[in-house]
Structures are given as structure tokens and as C-alpha cells.
Amino acid sequence: MADRLTLTIDGRQVSVPPGTTVLAAARLLGINIPTLCHLADLTPEGACRVCLVEADGVRGLAAACTLPAAAGMVVRTNTAAIREARALVVELLLANHPADCNACQRNLDCELQRLAADLGVRAVRFRGERRRYQPDDANPFIVRDNEKCVLCGRCVRVCKEVQVCNVLDWTERGFASKVTPAFDTALDGSACVFCGTCVSACPTGALAAKPLYEAGRPDKKVRTTCPFCGVGCNFDLNVKDGQVVGVTSDETSAVNGRLLCVKGRFGIDYVHSPDRLTAPLVKKDGAFVETSWDEALGLVAARLAGIKAAHGPDAIAALSSARCTNEENYLLQKFMRAVVGTNNIDHCART
Amino acid sequence: MAGLATSFGSGAMTNSIGEIPDNKVMFVIGANPPEAHPVIGAKMRQALKRGARLIVADPRKTELAAAAHVWLRLRPGTDVALINGLLNIIIENSWHDDAFIAECTTGFAAVAAVAAQYPPDRVERITGVPAPLLRQAAEMYATAERAAIFYTLGITEHTCGTDNVMSLANLAMLTGNVGKPAAGVNPLRGQNNVQGACDMGALPNFLPGYQQLKWPDVRQKFATAWEAAVPDKPGYTLPDMFDAAVRGDLKAMFIMGEDPVLSDADAHHVRKGLESLDFLVCQNLFLTETAKLADVVLPAASFAEKDGTFTTTERRIQRVRQAIAPIGGSRPDWRIICDLAARLGYPLTYGSPEEIMAEIAALTPVYAGVSYPRLAAAGLQWPVPSAGHPGTPYLHENGKFACGLGYFQPIEYEPPAEVPDADYPFLLTTGRILYHYNVSTHRRAARLTAHRPEEKIMVHPADAARLGLADGAAAAVASRRGRVRAKAQVTDAVPPGVVWMSFHFPATPTNEITSGAYDKVTKTYEYKVCAVKIEAAP
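What you see is a predicted model, and the numbers here were worked out from it, not measured in a lab.

Reading the values: rules and limits
Counting from 1, residues in each chain are numbered in the order their sequence is written. Think of it this way: whatever chain is written first is A, whatever ligand is written first is 1, and the rest follow in order. Per-residue local features are limited, in this predicted model, to residues with pLDDT of at least 70; the limit for side-chain atom pairs, both in listing and counting, is 80 or more; totals at the level of whole chains, interfaces and linings are taken over all residues. Excluding hydrogens and water, the side-chain values take into account all heavy atoms of the structure. Exposure is judged per residue with a 1.4 Å probe applied to protein chains only, and the accessible area is read against the type maximum: over 50% gives exposed, under 20% gives buried, and values in between give partly exposed. Numbering goes from the N terminus for both helices and strands, where a helix is a DSSP run of H or I of at least four residues and a strand is a run of E of at least two. For two strands to pair, DSSP has to find at least two bridges joining them. In this description, a line fitted to the C-alpha atoms serves as the axis of each element, helices being fitted only across the stretch in contact, and the angle between N-to-C directions of two axes falls anywhere from 0 to 180 degrees. By definition in this entry, angles of less than 35 degrees are roughly parallel, angles greater than 145 are roughly antiparallel, angles of 65 to 115 are roughly perpendicular, and the rest are oblique. For any pair of crossing helices, the crossing counts as left-handed if the nearer helix is rotated counterclockwise from the farther one by less than a right angle, and right-handed if it is rotated clockwise. Contact definition: two residues touch when any of their heavy atoms are within 4.5 Å. Gly is put with the polar residues, along with every residue not named as nonpolar or charged; the nonpolar set is Ala, Val, Leu, Ile, Met, Phe, Trp, Tyr, Cys and Pro, and the charged set is Asp, Glu, Lys and Arg. Residue ranges assigned to the domains are those given by an automatic or database domain assignment.

Draft legend 1. Region of the structure containing the pairing of strand β2 (residues 53-57) of chain B. Residue and element names in this part refer to chain B. Summarising burial for β2: 4 of the 5 residues are buried, a large majority. Direction of pairing for strand β1 (residues 25-29) relative to β2: parallel, over a ladder of 5 bridges. Paired with Ile-29 across the bridge in β2 is Ala-57. Of the strand pairs in this sheet, β2 and strand β3 (residues 70-72) are connected by 3 bridges, and their pairing is parallel. Opposite Ala-57, over in β3, you have Leu-72 as the bridge partner.

Draft legend 2. Main features of the packing of helix α8 (residues 293-311) of chain A against helix α17 (residues 333-343) of chain B. Between α8(A) and α17(B), whose axes approach to 9 Å, the crossing angle comes to 60°. Our classification of the angle between α8(A) and α17(B) gives oblique. Between α8(A) and α17(B) lies a crossing of right-handed hand. Of the residues in α17(B), those in contact with Trp293(A), Asp294(A), Leu297(A), Gly298(A), Val300(A) and Ala301(A) of α8(A) are Ile336(B), Asp339(B), Leu340(B) and Arg343(B). Looking at side-chain class alone, the contact of α8(A) with α17(B) contains 6 nonpolar, 1 polar and 3 charged residues.

Draft legend 3. Helix α4 (residues 154-162) of chain A, seen in detail. Taken across its 9 residues, α4(A) has 7 buried, putting it largely inside the fold. Within α4(A), burial applies to Arg154(A), Cys155(A), Val156(A), Arg157(A), Val158(A), Cys159(A) and Val162(A). Looking at the buried residues of α4(A), the elements they touch are α3 (111-119), β7 (169-171), β8 (178-180), α5 (197-201) and β9 (207-209) of chain A together with α3 (38-49) of chain B. Trailing α4(A) by a residue or two, Val164(A) shows a phi angle of about 55°, which is positive.

Draft legend 4. Examining the domain arrangement of chain A more closely. Split into domains, chain A comes out as domain 1 (1-126), domain 2 (134-272), domain 3 (278-311) and domain 4 (313-351). Between the C-alpha centres of domain 2 of chain A and domain 3 of chain A there is a distance of 45 Å.

Draft legend 5. Just unusual backbone geometry, in detail. Look at the link from Trp382(B) to Pro383(B): it is a cis peptide, with omega at 0°. Looking at where Pro383(B) falls in the secondary structure, it is placed in the loop between β14 (380-381) and β15 (406-407). Within the chain, Asp10(A) stands out as a residue other than glycine whose phi angle is a positive 50°. By the element assignment, Asp10(A) lies in the loop between β1 (5-9) and β2 (12-16). We classify Asp10(A) as partly exposed; its relative accessible area is 33%. Phi is positive for Asp241(A), close to 50°, though the residue is something other than glycine. Position of Asp241(A) relative to the elements: it lies in the loop between β11 (234-240) and β12 (243-248).

Shown next, in the form of C-alpha cells:
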């Protein structure tokens with residue numbers, strides 16, 4: 001088998017390794033084919049039919065995400081027939097979707113909404129029965145609203161292929177098709193461990209992170225490293241009005257991709273715990289009183305200097321922390337060695 | 001850290017997390033990644049889905065133990081005997097890698113002599129693991145084209161923790177499973193920056209980058225850079241500090257970001273040590289149990305409120321980026337240290353953490369090529385010896401160990417410091433659950449607390465029946481050091497005679513009953529084994 005094959009997409013040639021899909025080949029050329037059920041880190045499924053293209057020798061319209069590129073293949077991605085078919089697919093999805101975008105957490109951040117806008121779907125001509133389900137929100141972490149589900153299966157595949165917990169899967173057939181835990185139970189009580197990776201994969205508001213659901217649209221996202229275990233997952237802190245309101249992940253993180261665990265995704269609210277200390281405390285007559293930084297630092301410096309003068313530097317010790325940054329650990333050991341003059345520095349995780 | 005540093009010359013995960021889905025054989029011992037390192041747990045499940053074979057050594061029926069091809073349900077604290085038994089079977093069957101042993105290691109003969117003393121029937125008597133299972137595990141690990149070992153605190157939090165680690169290093173060297181992808185010996189670090197705190201020399205006997213304090217040229221290098229003498233006498237380790245405080249030799253402590261009263265073993269001794277001090281300063285986000293004992297408490301900013309770096313379990317140095325302003329009057333730890341140094345007559349005038357990292361890189365060979373611009377996209381895995389170096393996904397390439405040759409260490413089995421007896425007939429072992437993190441999330445992380453509000457003591461059904469303990473009933477667990485209460489969870493995840501608890505919940509301060517015994521080298525506490533009694537406590 002040749003190690004490259006050449007095909008033509010919209011009149012331009014591209015060489016790709018065998019096994020490449022037409023979608024991936026088009027993206028190499030910078031040609032944008034809209035998608036909905038496709039995610040680059042999951043197995044292609046060809047479920048939604050949004051990425052339809054024409055290829056010579058292929059009957060009808062084919063899903064670019066599952067169509068293997070072939071030598072000499074001639075593909076068109078943007079004809080009137082293709083645009084009409086894609087718009088119809090999206091229109092049909094909208095016909096079976098709540099029309100309350102303003103009330104949805106994903107408003108202005110929704111792939112279905114964006115597709116409708118991109119494809120010029122403004123009115124829905126189909127009137128008929130719509131699916132009706134109660135949302136599953138009986139847990140502190142995830143809201144699952146099957147009425148907003150477009151049956152793309154991204155959550156099913158992420159749960160099977162990435163998190164490998166196999167909690168979410170298809171239930172029923174046809175119009176009644178939906179994604180649920182086994183036996184159509186709520187998430188709480190199923191085998192779900194609330195990693196929330198399905199939330200990161202959902203294109204609509206069908207799966208939402210509760211903290212963000214409640215907070216509204218964030219002002220900015222800041223990529224950082226998780227403060228819990230040693231895996232070092234990267235994620236985005238979502239910030240609104242100077243507060244961390246939630247955590248999102250995507251496939252670009254080097255270590256974890258879109259995977260996180262329940263702690264990283266849902267445990268960061270400790271940052272805004274009402275128990276946070278906000279001023280230095282000094283104990284006077286057995287009780288803490290708030291004081292200024294100037295007084296507190298002055299007191300610490302004076303006492304340390306006094307103890308060093310009276311008992312020598314080795315009468316002072318410090319515990320550094322596996323919770324603090326490298327720079328802070330470096331500084332504390334430098335402080336103890338160069339300023340206090342002792343090697344009495346350790347931390348609790350020295351195994 | 002000390003165990004691997006002795007055997008391989010470098011105390012860190014040899015391989016990378018990204019290699020895990022491609023692993024062919026995984027040997028997970030004393031680790032529960034699906035709960036304690038969930039994303040590594042997911043990567044291991046990906047490997048299983050792709051056909052990897054899994055060996056798990058764990059007294060508890062964890063998720064991975066249940067999924068394992070071979071599950072070695074050893075008695076807690078008998079790891080060395082188990083591993084020596086594996087060495088014995090591998091050598092008996094000539095499954096070892098003669099070429100690797102000859103070219104890359106030293107000390108094999110002594111280890112072979114010790115291993116000869118651990119035939120499978122003796123190992124079965126010590127560990128409780130049936131000999132046929134041990135043979136299966138040995139064959140699966142040793143005859144694989146490549147195989148990786150993963151461990152965590154189930155290996156290190158023993159009086160024989162360093163011995164356990166060196167035994168695992170022996171196993172990997174015996175089979176040539178070091179210095180290539182999807183292999184190696186991989187300690188999974190429990191906290192976000194354990195690796196970094198060690199790397200940065202927050203240790204009484206090492207300067208940054210594991211440069212030995214005892215070497216005069218190392219001390220001279222730092223003294224020159226810092227324009228201050230570096231004392232040559234090694235400092236107190238953490239357990240030594242509390243002993244010295246009780247004796248009256250230690251007068252003051254500065255505790256940044258830790259809560260030893262809740263997190264260290266034998267809490268009563270820790271508290272007594274801290275109460276003996278003339279002066280205690282704590283720097284923390286919260287008024288912790290430890291901070292309550294302090295004379296001065298300095299409010300620190302959280303990770304979301306400052307810039308910096310953490311170094312992950314796979315030696316990856318990654319950026320921490322400020323997202324919000326410090327809460328209230330709190331300040332980042334690095335700024336507080338700078339201000340304090342200035343008041344003691346030693347100005348530290350860094351304008352940002354990036355400037356501190358530049359100094360670290362200049363003085364620390366394994367971090368020499370690190371700079372913030374280079375960390376921007378995906379971080380870098382040390383060693384990064386120069387600015388053009390791409391970082392190091394796996395250590396000891398082609399068996400070239402950081403210390404030259406890999407050192408085989410003959411290790412004899414020694415029982416834990418405290419074993420069950422007539423008065424305290426149960427063995428307590430401890431660990432983490434998925435929904436909490438050490439002592440810091442309970443109550444403060446409201447959603448996690450709502451989902452999992454309290455401790456549950458795992459008790460085997462046979463023991464529960466004998467004690468008259470129903471699932472969910474109130475129980476008390478007592479050791480020679482203290483007594484704590486929580487609800488019982490009746491489950492065959494623990495073997496008969498063993499109870500299991502986490503240590504996340506202030507209402508059940510498990511470390512008031514754990515053992516204060518510690519490893520003779522690292523002085524890591526033996527959290528994993530102590531003798532207790534348990535009773536219904538309505």
C-alpha cells in the first residue's frame with residue numbers, strides 16, 4: 001500500500017496517509033466542513049449527517065467524518081445540494097429541541113445554535129410532537145437535560161473510550177432514543193464517578209456543569225494546573241466578576257486532554273470558601289485578633305530574630321508544602337538556609 | 001524518593017502518563033489510581049481496553065483489583081516478601097534479563113541470594129497470597145516484552161517504605177524493564193507539587209535539584225549565588241522536628257501550607273510538639289487545626305490567585321496562572337517570604353515568580369533549560385539540562401542510569417512496627433477516596449462535601465456480624481493512641497481482620513489513631529498499618 005494517496009477537494013489536491021478521512025484531509029487544506037457528532041479525540045461515528053459532502057463515484061451524499069480518502073477521489077464540500085441537506089439536518093434537530101435558548105446555560109456557546117446561524121437556518125418549518133423529559137439534577141455536579149440532547153453520541157463515546165466507565169449509553173429506539181445510564185436511572189446511584197468529561201464533550205446544554213449552570217457566562221478563562229493530586233491536569237478556570245465560577249477542560253491539555261476528575265472539575269469552590277482567612281491573625285491572651293500585615297510581619301521577624309540570637313539558628317525550623325508552587329518552595333528553603341542559617345526545612349510528602 | 005534515588009540515582013517516576021494507554025503489562029502495587037489519581041486510572045482503563053494485562057497487589061478489592069488478570073491479595077505490610085517471591089520465581093525460571101543485569105547494574109548476586117530464601121510456599125505463609133497466583137504474576141510480568149510498575153503510598157507509608165521501593169527497583173532491573181517507553185518504576189505522587197517540593201530542596205539534606213548538602217562545592221555554589229553561608233549540618237526531618245520541640249531543642253516553627261495536626265500520623269504527639277514551641281507561625285488559606293495553635297497566622301492566597309509552577313508526578317513542570325486577585329487581604333506565599341526576609345535584613349527583591357524560576361534554573365542542573373516562555377504550551381519534563389533541550393519523557397534511556405549503574409539492593413522482609421494482638425485484633429489501613437482530597441476539601445468544597453459528607457469505616461461482613469455492626473451503624477475504632485468514631489460500611493472490599501478508613505474528615509480524625517512509627521531512611525510515617533479494635537458505638 002502506498003504511504004500517501006492524493007485526492008482532490010474543491011479543486012485542490014492534497015496528499016494524505018491511507019486511512020485519513022475526507023474530513024481530516026479537508027481540514028489540512030483549511031476547508032471548513034461543519035460537524036456536530038465529530039470530535040477529533042473520539043472514534044468517528046457519522047451519526048449527525050451535518051458533514052455531508054459529494055464525492056464522485058459515491059452514491060448520494062456521504063458523511064465526511066467517516067468517508068475514507070481514496071486515491072484520485074474528487075470531493076465537493078460546498079454545493080447548493082450540500083448546503084440544503086446540511087440545513088435540513090439542523091432544521092430537523094431544532095424541530096425536536098426546546099426553543100428557549102435565552103434560558104440555556106450554553107446560550108452563545110452552543111454548537112447547535114452556531115450551526116443554525118452558519119447554515120442560515122432561521123425558521124423551523126416542521127411542527128409536531130417534541131420529546132419531553134424531566135432534567136436529572138439530583139446530584140451536586142451535573143445537570144442532564146435529555147430534551148436538549150441532539151443524539152450525537154459524543155458523551156457516550158467519551159464515557160466508553162476516554163474515561164472508560166461505560167456509564168452513558170443509548171436507550172430505546174427511533175423517536176424515543178435517548179442517552180441514559182443503565183436502566184434509565186439518574187446519574188446519582190449509577191456507576192457514574194462525576195468526572196464530567198461528558199460535559200466537556202456535549203455540544204449543547206444537554207449536559208451541563210452545575211456550577212457554571214448557576215453562574216452564567218464567564219468573563220474569561222485562564223489555563224492553569226489543578227491543585228489536587230500529582231497528575232497535573234490542566235484546565236481553564238472560568239472567571240466572572242473576579243470570582244472563579246467553574247472549571248472547563250478541552251482536548252488541548254498535554255497530560256489529561258479533556259479528562260478531569262470530580263475534584264478538579266467540581267472541587268475548586270474551596271477558593272471562595274467563607275472560611276478563607278482575609279487578614280493576619282495574632283494571638284493575644286489566648287484569642288486571635290485581626291491585625292495589619294505590617295504588625296504581623298514585624299512580630300514574626302522580631303520573634304525569629306530573638307530566638308535565633310538566644311538559641312542559635314537550629315532552634316528554628318520550617319515546613320514547606322507540596323501544595324505551594326516551586327518558586328515558593330525554593331524561596332522558603334533559601335529563606336531558612338540563607339536568612340535564618342539552618343537546614344531545618346522539610347515537608348510532609350517526602351516519600 | 002530515597003529508595004529510587006538509591007537504586008536508580010533519581011527519585012521520580014521513570015516514565016510518562018501519556019505512555020500508559022500503550023502499556024502491555026501493568027503491575028499496580030499499593031496504589032488505587034481510579035480514586036487517588038483518577039486520570040491515571042482512566043488511562044489504565046484505556047490500556048485494558050486495548051488488551052493490556054494487569055497485575056494488582058492490594059489487600060482491598062479496589063476497582064483495579066476487580067479488573068485485574070491477577071490479583072494478589074497480600075496482608076498489609078508484607079510487600080517485601082511478595083516481591084522477593086516474584087524475584088525468586090523469575091530467577092528459578094530464568095526469565096531474567098542477563099544482558100541488562102550484566103551491562104547496566106551491579107549487586108545482582110546478593111539479591112539473588114536473598115531471593116533464594118523466598119520460595120513461593122514461604123511467601124504464601126507470610127503474605128497470604130496463594131503460590132500459584134504468585135507464579136502467574138511473575139510469569140506475566142517477567143515474560144512481557146515490556147512491563148511497567150506503578151506504586152503510591154501503599155508502598156512508601158510503611159516502616160519498610162524505602163525497602164519496598166528498592167525491592168520494586170530490583171524487580172524492574174531483573175527483567176530489564178527500565179529505560180524504555182511503557183515500562184519503568186512509577187511512583188504516583190499524591191499531591192500536586194510533591195515532586196516540585198522535593199525538587200526545590202525543601203529537604204533537610206538536599207539543596208535544589210537533589211544536589212547533596214554534604215558536598216562542599218555544592219554549598220559553595222549556593223553560598224556564592226545567595227551571598228550567604230550555607231550551613232553544612234543536615235537539618236531535622238519532619239518527625240525529628242516534633243521530637244526536638246518536645247525535648248525543648250526546637251523553639252520556633254514556620255509552617256507554610258501544611259496541617260500536620262490533621263495530616264501527620266500520631267496527631268497527639270504532633271500537637272504536643274507544637275504546643276511545646278515558644279513561637280509558631282502558620283501561613284495558610286484557612287485557620288487549620290495546626291494554625292489554631294499558632295501565635296501568628298498569615299493569610300495566604302490560593303493557586304487561583306498567583307503565578308508559578310507545579311511539577312507533576314511525571315516530572316512535568318507546568319504553569320500556574322493567576323485568574324483572580326488575592327481574596328481579602330491574603331497574599332501569595334512567595335511575597336510573604338520576600339517581605340519577611342527583608343525585615344530580617346536580607347532583601348529578596350523578585351518582581352515576579354518568573355524571576356525566581358530564572359534563579360532556580362541557574363542553580364539547578366535538571367531545571368537549567370526551564371523558563372516561563374518554554375513552559376507556555378505543555379510544560380517540560382525534567383531533566384531539562386539546557387535551553388534547547390526538549391525535556392525527558394522517560395529516564396535512564398537504554399539502561400544508562402542517572403548514577404551510572406543501577407544498584408540492586410538485597411532486602412529482607414521485616415514485619416510492620418505494630419501488628420494485631422489480643423487487645424487490638426484488627427489491622428487498620430488508610431487511604432483516600434475519590435470525592436475528597438487530604439484534609440482540605442471537606443466542608444470547604446461544598447459540592448464534594450454534599451456528595452460525600454462523612455467518613456465510612458470499611459469492615460468485612462464476617463467481622464461485622466461478629467461485632468453486631470450493621471451497614472451504616474455508628475462505630476468506634478481505637479488504637480493505643482486514640483479513639484475515633486464514624487459509620488461502618490460493611491463490604492467485602494476489605495479482607496476479614498482488616499478495616500479501612502480515609503483521613504479526610506475533621507469529625508473523624510483518623511490520624512489520631514495511626515501509628516507514629518516511621519521508615520528508617522525517609523522518616524515517612526507508617527500510615528498503612530496499625531493495630532486497632534472496633535466496636536459498635538451508638
